[in-house]
Amino acid sequence: MANSKKPEAFSVCANPQAHQIAAKALKQNPPQEEELCDLADLFKAFADSSRIKILWALSASEFCVCDLAGALKMTQSAVSHQLRLLKQSRLVKSRRQGQSMIYFLADEHVKKVFSLGLEHVREK
């Protein structure tokens, strides 16, 4: 026989004033909707293991496509495709060196986001 007791809709907060203060603080400098969408797009760029491998490699050094492909055991075509997406997300930049394009992380923020994410998943 099923339990006919109804669950409570919500609990009464023991300290509603504390939450009101926190809610007021949130209203001080809220991110714009466009910023939140851009942030979501940024995290989507991190949502692929091939792109993560490339970011990991580029956090150590700059590389051309052929060296990245060899180091990561990927095809040059696959690396080029992922680099294009990473460039569109402004996570990676490139420069021409002779006939090759050299790829590197766009700035220190990218390295920090990657490092903090890796640190987080390694926590026990």
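Residues numbered from 1 in each chain as written. Predicted model: local features only at pLDDT ≥ 70, side-chain atom pairs only at ≥ 80, totals over all residues. Heavy atoms only, no water.

Engineer: When you look at the packing of aromatic side chains in this model, what are you seeing that I'm missing?
Structural biologist: Centre-to-centre distance and the angle between the planes together describe a pair of aromatic rings. In this structure the tally under the stated criterion is 1 aromatic pair. Aromatic pair Phe 43 and Phe 46: ring centres 6.5 Å apart, planes at 45°, arrangement tilted. (Phe/Tyr/Trp six-rings, centres within 6.5 Å; stacked < 30°, edge-to-face > 60°.)

Engineer: How should I be thinking about the confidence of the model for the protein in this particular structure?
Structural biologist: As a note on interpretation, predicted positions should not be read in detail where pLDDT is low. With 91% of its residues at a pLDDT of 70 or more, the protein has an overall mean of 89. Element-level pLDDT for the protein is lowest in helix α1 (residues 16–26), with a mean of 78, against a maximum mean of 98 in strand β1 (residues 63–64). (pLDDT = per-residue confidence, 0-100. Helix = DSSP H or I, 4+ residues; strand = E, 2+ residues; numbered from the N terminus.)

Engineer: Could you clarify how one ought to interpret the side chain of Gln 82 in this entry?
Structural biologist: Within the fold, Gln 82 resides in helix α5 (residues 76–88). The residues contacting Gln 82, other than those within four sequence positions of it, are Asp 48, Ser 50, Arg 51 and Ile 54. (Contact = heavy atoms within 4.5 Å.)

Engineer: Hey, could you run me through the pairing of strand β3 (residues 100–105) in this one?
Structural biologist: A regular strand carries its side chains on alternate faces of the sheet. In terms of strand pairing, β1 meets β3 through 2 bridges, oriented antiparallel. Bridging across to β3, Cys 64 finds its partner in Ile 102. One ladder, built from 6 bridges, connects strand β2 (residues 92–97) with β3; its direction is antiparallel. From the neighbouring strand, Val 92 faces β3, where its bridge partner is Leu 105. (Pairing = 2+ DSSP bridges.)

Engineer: Is there a simple way to think about helix α4 (residues 65–72) in this case?
Structural biologist: Residue pairs three or four apart in sequence face the same way in an α-helix, which turns once every 3.6 residues. The complete set of buried residues in α4 reads Val 65, Leu 68, Ala 69 and Leu 72. Axial view of α4: buried residues confined to an arc of 100°, hence all on one face. Buried residues along α4 sit against α3 (49–60), β1, α5 and β3. Just downstream of α4, Lys 73 is the residue with a positive phi angle, here 55°. (Buried < 20%, exposed > 50% of the residue type's maximum accessible area, 1.4 Å probe, protein only. Arc of directions from axis to C-beta.)

Engineer: Sorry if this is basic, but what is going on with the sheet that holds β2 here?
Structural biologist: In sheet architecture, strand pairing relies on hydrogen bonds along the backbone and comes in two forms, parallel and antiparallel. Pairing in this open sheet of 3 strands is antiparallel, and the strands run β1-β3-β2 from one edge to the other. The open sheet has two edge strands with one neighbour each: β1 and β2. Where α5 meets the sheet, it contacts β2 and β3, and its direction lies at approximately 115° from that of β2. (Axes fitted to C-alpha atoms, helices over the stretch in contact; angles between N-to-C directions.)

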